[in-house]
Every structure is written in structure tokens, then in C-alpha cells.
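Single-letter residue listing:
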Amino acid sequence: MLMSYEESLKILHSHIKTYEKIEKIALTECLGRILAHDIKAPHNQPEFPSSAMDGYALRFEDQDKPLKILGITPAGSMPEFKIKDNTCVKTFTGSLMSEGSDTLVPVENVRVENDTLFIEKKVAKGFAVRKVGENYKKDELLLKKGTKLNYSELALLAELGFFHISVFIKPIVGVLSSGSEIKDLGESLENPAQIRSSNHIALASLAKNLGCETRVFPLLKDEAEATFLALKNALQSCDILLTTGGVSMGDFDFLKKALKEYELIIDKADIKPGRHIKIAKADEKFILALPGFPYSAMVMFNLYAREILNAWLLQPKDYVCKGFLQGNYKKKTPFLEFVACNVEFENGRILVNLEGKKEGSSAIINNLNNKAALMIVPKECEFLENESLVELIFMP
């Protein structure tokens, strides 16, 4: 009896250990990298009350009176003046508020005659004054370990004064495609029974989309001794090795035999496509033996390799959601199905349809074109009606 997908995930996660490969790199090189430690605020920001606009710093209760302008406080300069009765200081955006002031009246609300200020439109108390700690307070957790660093996170780190940041080293994902029938890019097909390899392109691209480095190894022919050696050599330079082909029931499926040299933790699952999936451990490394059909291989990467990478890099499973099926769907197999689908957003609803998706084998690469997602059809389900609420997985 085949294990369920849920059971296979539990087994997989029980073998995933904490990823501790960390490096320190320049902030300017950190876009898209994963933060390897928490970042807390070293101080309040701002540390002192400051101006959010160009205007005049004064006491709130003095707005009905002519006010003497004591001087100016440019941004980046410490205030030289102390506000007392009937006085003000011209203050610029980002400037610190002068001692004794509690309100800023913007320049468009005032009239100036010589060194006297007349307020023509009053403001509320505290107007345009940024309070101490408005951005963040001392010791506040600003960025959690596992945060993917995008433009705003990098801007925050620059504001905090960081030059180098500790990030997780990009996991290395290797791809080893096998099959005597496949030819590499640029090679001529010698007969109609041969095909060009596409799995290595697809899987390496998926891994890169998830922030990994990739190693694409030479295509592997269906030879027993070569298969054992290629697997051993490839493992030396990657954290996860993806193989394609050679795991089903054929006479030339030598990868299945080669995996017996390692700790096999998952051997088939009750899913479609990819029920012949095999996952093995080599110390702390993983070998994912994926099917040879491209669609199956890409789906299996998303269902299993992505789980390992997310666990290592502390990433949320935020690519799963639900949508409303447009049209009916009759289930094709007795397994848990992952079906390529289109996703649209309309009037606040997520809509799912199968327009343009071809039925047939798991070799149809183009079913995953145009940002396709995967619709999950439960094992026990036989038919989905129009407007059924279905679970979706977005591809990387």
C-alpha cells in the first residue's frame, strides 16, 4: 500500500535538520538573501522629537500671538535655541525640534514679516512632530531570522548602520538527468525515439527561483556502473541532488538500484503525478529521485524539494491558498491529484480554470506555462462541481 502524501511529508520533515551554513556578506550584495539572525533596534528611532515638514517649531498655546523668529535649525544640525513664550524657530524636514517646542506649523500656514511670524492657520498640538521611537523603539525586534531581504529590509539595515550582514549560504541543488533516450542541448536527434533533455533546465530554474545555487551534471546513460559512480560524485558538491528518470519499473532503471546504497526514507507515495518518487539521505544531504516526465519532475520538486528548502531557510508556506473552480472537473485517477490550472483574480475572488490545459501523460511541459498553479484534488474525491472551493499551490 502506498503511503499518503501527508505521511511522506511527516517522514521527510523528521529527517530535516537545522541548516547552519552561514556567511557574512556586504549589504549591497544581500538582495534576495535570507537573514540568518534576528535584528533588534539598538536605539529609539528617532532618538529625539523631530520635524516631519518644513515649518516653525513653537509651543502649541502660542499660535494666536505674533512670534519672534529666533533662527533656524537645518537638518543634521543640533538645535541652538530654546523656545520660550512667544518665540519660534524655523525648522526643516528631518530637523530636531528645539527644546521647549511641542508643535510644528508648516510654512504654508504662516506669514513672515521681518523676524516676526504670524500664524494664519492653526494646527493641532503635536502637529508634524515625529515622536521618539516612532519608527521603532530600543530592543524592538525589527527583522526575524529567515526574513528574505528585499528593498525595504535593506533600507532599514542601512539606516541601522550595517555594512555586512549574516545570511544563509545558498543551498546547492544538483541536477542529474538520466536516460539513454535523452540528448543534451545542441545535440542532434538520431531517431524519433530520442528526445532532448528539458528536466535539467526546468529543475535548475526552479531551484534558482528559490534562491539556490545549482549544479547541472552531464546527462547519464542507462548503465549500472556509471549510475553508481555519477551519483556518488554528484553528491560531493551539492546539498540536494535531484535525479530524473530511472526510478519506475523498467529494466534499465538503474537509479532505483543505486539508491539502495543510501538511506531510503520515502519509497513511492499515493499521488498523481509522481507516485514513484524516492527520497534518500546521504548523511545530511538529500537525494530526490524524480520521474523522468518533465511535468512530473517539476511538480515533485515543488512538493518535496521545496519543503526541504523552506525548512532550511525558515520560509513560510505562503504559496498555498484556495480558489473557486470555474467549471466541472472529473477526477482521472484514484490518487491525490495535482492538476495544472490557471489562476485569475476578479472582484476580490481567486478563480481557477483549466482552459488550455491538455489531458494526457505527465510529459506535457506546456501545461505549466503562463504562471500555472497546481489544483489539489483530494484522493477521496471523484468529481468537483463548478464553484467548488479548491486548494492551490503556486509554483516558484
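Further up the page is the structure itself.
What you are looking at is a predicted structure, and each value in this text was computed from that prediction instead of being measured.

A. Broad picture of the nonpolar core. L12, L242, L288, Y304 and F338 are the most contacted members of the largest nonpolar core, which totals 51 residues. Among the elements that take part in this core, helix α6 (residues 294-313) stands out by supplying 13 residues, more than any other.

B. Main features of the layout of surface pockets. Approximately 430 Å³ is the volume attributed to the second largest pocket. What lines the second largest pocket is a set of 19 residues, among which Y329, V339, K358, E359 and G360 lie closest to the centre. Here the lining of the second largest pocket is built from residues that sort into 8 nonpolar, 5 polar and 6 charged.

C. Quick peek at the pattern of salt bridges. Inspection of the entire model under this criterion finds 20 salt bridges. A salt bridge links R215 to E213; its shortest N-O distance comes to 3.6 Å. Ionic pairing is found between E307 and K317, a salt bridge with its closest N-O pair at 2.6 Å. Of the two residues, E307 is situated in helix α6 and K317 in the loop between α6 and β22 (320-325); the sequence distance between them amounts to 10 residues.

D. Spatial organisation of the packing of aromatic side chains. Overall, the coordinates contain 5 aromatic pairs when judged by the stated rule. Between the aromatic rings of Y19 and F168, the centroid separation amounts to 6.0 Å while the plane-to-plane angle is 55°, which identifies the pairing as tilted. A residue pair is termed long-range when its members are at least 10 positions apart, and Y19 in the loop between α1 (5-14) and β1 (22-26) and F168 in strand β12 (residues 164-168) qualify at 149 residues. Relative accessible area serves as the criterion here: at 3%, F168 is assigned to the buried category. Where Y19 meets W312, the ring centres are 5.1 Å apart and the plane angle is 25°; that geometry is what we call stacked. Taken together, the positions of Y19 in the loop between α1 and β1 and W312 in helix α6 put the pair 293 residues apart, joining distant regions of the chain.

Calculation notes
- Residues numbered from 1 in each chain as written.
- Predicted model: local features only at pLDDT ≥ 70, side-chain atom pairs only at ≥ 80, totals over all residues.
- Heavy atoms only, no water.
- Core = buried A, V, L, I, M, F, W, Y, C linked by side-chain atoms within 4.5 Å.
- Buried < 20%, exposed > 50% of the residue type's maximum accessible area, 1.4 Å probe, protein only.
- Helix = DSSP H or I, 4+ residues; strand = E, 2+ residues; numbered from the N terminus.
- 1 Å grid on protein atoms, 1.4 Å probe; cavity = no way out; pocket = protein on both sides within 12 Å on 5 of 7 lines; lining within 4 Å.
- Points joined across faces, edges and corners; volume = space filled by probe spheres on them.
- Nonpolar A, V, L, I, M, F, W, Y, C, P; charged D, E, K, R; others polar.
- Salt bridge = Lys/Arg side-chain N within 4 Å of Asp/Glu carboxyl O.
- Phe/Tyr/Trp six-rings, centres within 6.5 Å; stacked < 30°, edge-to-face > 60°.

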